[in-house]
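# Working through the structure, step by step
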Amino acid sequence: MGLGRSLGRQFGWLWAAYATSTFGTRLAFDAFPLIAILVLHAGPTEVAVLAAAGLAVGAVVAVPLGPWVEFRRKRPVMIAMDLIRFAALMSVPAAYALGRLDFVQLVIVSVLVAAADITFTAASGACLKALVPPEDLIVANGRFESTNWTATVLGPPLGGAAIGLFGPVMTVVADAVSFLLSALGIRAIGGTEPRPVRTAAPARLRAGDLLEGWRYILAHRALRPLFFNTILVSGLIMATSPPLAVLMLGDLGFAPWQYGLAFAVPCVGGLIGSRLARRLVARFGQHRVMLTAGTLRACWLLGLAFVRPGTAGLVLVIAVEFGLITSMGVFNPVYATYRLEQTATDRIARTLSAWSITSKLTVAALTALWGLLAGLTGPRTAIAIAGLLILTTPLLLPRHDDASGHKREGAGSRT
């Protein structure tokens, strides 16, 4: 299971498709808020609405799509979601060229892209589990995680340069084209994808099926605590981003380039962590690594409440973010592998869809709540409260390594 081990041509095309779309998305990082501000002259409230609507409304729109995807071939679904994102994003430069671009269109496109993202993620998890042998899932997820952090390091700076040269609309074009190339990559996987076999599920989607993903997670003793842990951790981390931006760029007087540097450099830690994940699992075991990395991941956020102006403050932010992101780089591929292993094959799409929907809604809600909290208490206090709360989240990690029992439980709960 070496890092250079080939996982086959089919996985290679899936990985290439993921890398292409991920780099495109990172290149267009914050393109919509910049378009809203620079092109449409939107104010802070409108920019906040744009960010929240894409997450929240897109998540709600995606609710019926998880059950719909479950018993369909996953690759055609993934291609369709890529093409929807391509068409939606290309409508922005088209409307801009015609002088018809407005704020409502940006919101609608954000919603469509968010819903397609959730659906694609649900289908891609099932696709990965079908393409890769169980013993190689940690290697595959490690490669995806490495790609994600590499794109995070390179994409925003290149995107910023592109915005400076060509304007924010052109980065949206690049993002759209990346989804078209991703669709072509998935199409190139080739081979025959068998149609999923229905168990006792009815042929027609019922209202109760919409909640099946959540029912499955909450009834599963291994997935349930992991679900609450990951949802809360991601929500609290993301909720501190706006207060931290206000604190650093406003109260402490950091320059924009210093703020960007503080979050670009630590992403190297994600690359390092994802490369170490497989080796750590091989040496210490999956459960121990997940528990340790998940605990370390919760220990860093509080440090951001103590940032001060000047070089020392900048170094503190970089150190805290490096520790946080390195821990995430180890945890994420291990957790993603564990989640796939624990989820019954005929429940993957619904489970991953429910997971993504809850995560996006939680991020949107906590971001709005922490914005209000920062307004009442100040950004430093709001960050400190999030840092203290996140320290409790390791209590939600699965405490015992009972993989076989969990798998039997998951299989026995199929309908």
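Residues numbered from 1 in each chain as written. Predicted model: local features only at pLDDT ≥ 70, side-chain atom pairs only at ≥ 80, totals over all residues. Heavy atoms only, no water.

## With respect to helix 17 (residues 379-390)
Helix length check: helix 17 (12 residues) gives 17 Å between terminal C-alpha atoms against 16 Å at 1.5 Å per residue, within 8%. Those residues of helix 17 hidden inside the fold are in contact with helix 10 (223-239), helix 11 (241-251) and helix 16 (348-377). (Helix = DSSP H or I, 4+ residues; strand = E, 2+ residues; numbered from the N terminus. Expected span 1.5 Å × (residues − 1). Contact = heavy atoms within 4.5 Å.)

## Looking at the packing of aromatic side chains
Applying the stated criterion across every chain yields a total of 8 aromatic pairs. Each ring, one from Tyr18 and one from Phe144, has its centre 4.8 Å from the other, and the planes form 55°; the classification is tilted. Here Tyr18 is found in helix 1 (residues 9-27), whereas its partner Phe144 is found in helix 7 (residues 137-166), with 126 residues between them in sequence. We classify Tyr18 as partly exposed; its relative accessible area is 26%. Taken together, the ring pairs in this structure connect Phe227, Phe228, Phe331, Tyr335 and Trp355 into an aromatic cluster. The ring centre of Phe331 lies 3.9 Å from the NZ or CZ of Arg297, which sits over that ring. Against the face of Trp355 rests Arg339, its NZ or CZ located 4.8 Å from the ring centre. (Phe/Tyr/Trp six-rings, centres within 6.5 Å; stacked < 30°, edge-to-face > 60°. Buried < 20%, exposed > 50% of the residue type's maximum accessible area, 1.4 Å probe, protein only. Lys NZ or Arg CZ within 6 Å of the ring centre and 35° of its normal.)

## Considering the pattern of salt bridges
Counted under the stated rule, the structure contains 5 salt bridges. Between Arg85 and Asp117 there is a salt bridge, with the nearest N and O atoms lying 2.4 Å from each other. Taken together, the residues Arg85 in helix 5 (residues 74-97) and Asp117 in helix 6 (residues 103-131) connect sequence positions 32 residues apart. According to the relative accessible area criterion, Arg85 is buried, its value standing at 5%. The partner of Glu212 in a salt bridge is Arg215, and the shortest N-O contact between them spans 3.0 Å. A residue pair is termed a helical-turn pair when its members lie 3 or 4 positions apart in one helix, as Glu212 and Arg215 do in helix 9 (residues 212-219) at 3 residues. Sharing partners across several salt bridges, the network here consists of Asp82, Arg85 and Asp117. (Salt bridge = Lys/Arg side-chain N within 4 Å of Asp/Glu carboxyl O.)

## Considerations on the packing of helix 7 against helix 8 (residues 168-187)
Where helix 7 meets helix 8, the axes come as close as 7 Å, and the angle between the chain directions of the two elements is 125°. In terms of axis orientation, helix 7 runs oblique to helix 8. Contacts between helix 7 and helix 8 involve Gly159, Ala162, Ile163 and Phe166 on the former and, on the latter, Pro168, Met170 and Thr171. For the contact of helix 7 with helix 8, the class distribution of residues is 5 nonpolar, 2 polar and no charged. (Axes fitted to C-alpha atoms, helices over the stretch in contact; angles between N-to-C directions. Parallel < 35°, antiparallel > 145°, perpendicular 65-115°, else oblique. Nonpolar A, V, L, I, M, F, W, Y, C, P; charged D, E, K, R; others polar.)

## Some thoughts on the environment of Leu226
By secondary structure assignment, the location of Leu226 is in helix 10. Judged by relative accessible area, which is 0%, Leu226 ranks as buried. For the pair formed by Leu226 and Tyr335, sequence separation is 109 residues and the distance between their alpha carbons is 8.4 Å. Beyond its immediate chain neighbours, meaning those up to four positions away, Leu226 contacts Met290, Phe331, Tyr335, Tyr338, Trp355, Leu396, Leu397 and Pro398.

## Things to note about the confidence of the model for the protein chain
Low-confidence regions, as indicated by low pLDDT, have predicted coordinates that should not be scrutinised in detail. When the pLDDT values of the protein chain are averaged, the result is 86; 91% of them are 70 or greater. Mean pLDDT across the elements of the protein chain ranges from a minimum in helix 18 (residues 403-412), with 42, to a maximum in helix 5, with 95. With pLDDT under 50 throughout, residues 404-415 is counted as low confidence; its partners more than four residues away or in other chains account for 26 contacts. (pLDDT = per-residue confidence, 0-100.)

## Brief notes about the packing of helix 7 against helix 15 (residues 311-342)
At a closest axis distance of 9 Å, the pairing of helix 7 and helix 15 adopts a crossing angle of 140°. In terms of axis orientation, helix 7 runs oblique to helix 15. Read as a crossing pair, helix 7 and helix 15 show a hand that is right-handed. Touching Leu137, Ile138, Asn141, Gly142, Glu145 and Trp149 of helix 7 are Ile325, Met328, Gly329, Asn332, Pro333, Val334, Ala336, Thr337, Leu340 and Glu341, all from helix 15. Among the residues forming the contact of helix 7 with helix 15, the class breakdown is 9 nonpolar, 5 polar and 2 charged. (Left-handed = near helix turned anticlockwise from the far one by under 90°.)

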